[in-house]
Amino acid sequence: MAPEKSSLYAELLPPALQPVGGQTRADQLLAWMRAHSTVEIVDLREALQVAKAVDRIYHRTDTHWNDLGAFAAYRSLAEWMQGPFPMVRPLDAGEFDRQVRITPAGDLAGMLALMPRFSEARTTLVPKTPSPLIARDPTAIMKRRTYLPHQEPKVFACPSGEIASAVVVHDSFVLPMQPFLARHFRRSTFLHAVFAPEVIAAERPELVIEEMVERVLSRPGFLPASELATFDAAAGS
């Protein structure tokens, strides 16, 4: 779960917007999953707090983390992967150069209709050596669905990946993590905002990762329960 910027930087909120109560919905979900589910759940917050003490890890004018935050989250996930997959070797920050680009402001400025008045100094991590990732075409099964513009499935091959395959179901927070995470899989499929059980069944991956930003816990209907039930019935399970 990707923490909200307002959760990670709560101390910067005005007094009227400080969190109320001892537990957030993310706290409740993490505790429930650990008590009642066999699905592994990775809490990224500690790693991000450590990174936050050194760098600014979210954009100023946007709700999303920058490359530094994405890399800290990736490292936390890669270190977890070393449990079931001891051969995994997480990337080191020293393998990248930092670059700062001035770009148009992000989604927070857009929500206020102030995007033209602000800009964003975006810190990016550029690999010092060419990336080993090779883009592949989506399969016919992946193309059966209709996707929003710029949210089509992404498939990568990485000959040096330590794990055979993975399917990653994600939102926009994983986009800056893709270049890091995909290096660990000889084949990886990234499904943006679509939980597609037919793709998972066809790919038969060694690892399935589902990422979601904390704010979805305040939205009804983010779990496609009816679709999963239909797929289970069709599969005879």
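Residues numbered from 1 in each chain as written. Predicted model: local features only at pLDDT ≥ 70, side-chain atom pairs only at ≥ 80, totals over all residues. Heavy atoms only, no water.

**Student:** What am I meant to see in the overall build of the protein here?
**Tutor:** Check the secondary structure of the protein and you find eight helices and seven strands. The C-alpha radius of gyration computed for the protein amounts to 19 Å, which stays within 12% of the reference 18 Å derived for 237 residues, consistent with globular compactness. Evaluated residue by residue, the protein yields a buried proportion of 41% over its 237 residues. Taking the intrachain contacts of the protein between residues at least 6 apart in sequence as the baseline, contacts between residues at least 24 apart amount to 65%. Element-wise, carbon and sulfur atoms account for 58% of the exposed surface of the protein, whose accessible area totals about 13400 Å². One way to put it: in the protein the 25 positive side-chain charges average out to a point 4 Å from where the 27 negative ones average out. (Helix = DSSP H or I, 4+ residues; strand = E, 2+ residues; numbered from the N terminus. Rg over C-alpha atoms; globule rule 2.2 N^0.38 Å. Buried < 20%, exposed > 50% of the residue type's maximum accessible area, 1.4 Å probe, protein only. Contact = heavy atoms within 4.5 Å. Areas by Shrake-Rupley, 256 points an atom, 1.4 Å probe, with all protein chains shown as cover. Lys, Arg positive; Asp, Glu negative; His and termini not counted. Charge placed at Lys NZ, Arg CZ, Asp CG, Glu CD.)

**Student:** So what exactly am I meant to see when it comes to helix H4 (residues 67-81) here?
**Tutor:** In an α-helix there are 3.6 residues to a turn, and that puts residues three or four apart on one side. Taking 1.5 Å of rise per residue, the 15 residues of H4 would be expected to cover 21 Å, and the 20 Å separating its terminal C-alpha atoms lies within 8% of that figure. Turning to H4, its buried residues are Asp-67, Leu-68, Gly-69, Ala-70, Phe-71, Ala-72, Ala-73, Tyr-74, Ser-76, Leu-77, Ala-78 and Met-81. The N-cap residue of H4 is Asn-66: its side-chain oxygen and the backbone nitrogen of Leu-68 are 3.0 Å apart. (Expected span 1.5 Å × (residues − 1). Polar contact = N/O pair within 3.5 Å; in protein donor to acceptor, adjacent residues only side chain to side chain.)

**Student:** Sorry, what's going on with the sheet that holds strand S5 (residues 163-170) here?
**Tutor:** Backbone hydrogen bonds are what pair the strands of a sheet, in a parallel or an antiparallel way. Taken in spatial order, the five strands line up as S3-S4-S6-S5-S7 in an open sheet, and their pairing is mixed. In this open sheet, the two edge strands, each paired with only one partner strand, are strand S3 (134-136) and strand S7 (207-210). Along the sheet, successive strands turn relative to each other by an average axial angle of 20°, direction set aside. Of the pairings in the sheet, the one linking strand S4 (residues 154-157) to strand S6 (residues 185-192) comprises four bridges and is antiparallel in character. Each bridged residue has a counterpart across the sheet, and for Lys-154 the counterpart in S6 is Phe-190. (Pairing = 2+ DSSP bridges. Axes fitted to C-alpha atoms, helices over the stretch in contact; angles between N-to-C directions.)

**Student:** Would you mind going over the nonpolar core with me for this structure?
**Tutor:** Buried together is how nonpolar side chains tend to be arranged in soluble globular proteins. Among the nonpolar cores identified, the biggest contains 44 residues, and Trp-65 and Leu-181 are the most heavily contacted of them. Among the secondary structure elements, those contributing two or more residues to this core are helix H3 (45-52), H4, S5, helix H6 (178-181), S6 and S7. Looking at this core, the element that brings in the most residues is H4, giving nine residues. Leave out the neighbours within four places in its chain, and Leu-181 touches Tyr-74, Leu-77, Met-81, Val-168, Phe-190 and Ile-209. (Core = buried A, V, L, I, M, F, W, Y, C linked by side-chain atoms within 4.5 Å.)

**Student:** Mind showing me how you'd approach the pattern of salt bridges here?
**Tutor:** Once their charged atoms are close, side chains differing in charge can pair, the charge on each being opposite to the other. In this structure the tally under the stated criterion is ten salt bridges. Asp-27 is the salt-bridge partner of Arg-45, the closest N and O atoms lying 2.8 Å from each other. Separated by 18 residues along the polypeptide, Arg-45 in helix H3 and Asp-27 in helix H2 (residues 25-36) bring together distant segments of the chain. Judged by its relative accessible area of 25%, Arg-45 falls in the partly exposed class. With a shortest N-O distance of 2.6 Å, Glu-198 and Arg-145 are connected by a salt bridge. (Salt bridge = Lys/Arg side-chain N within 4 Å of Asp/Glu carboxyl O.)

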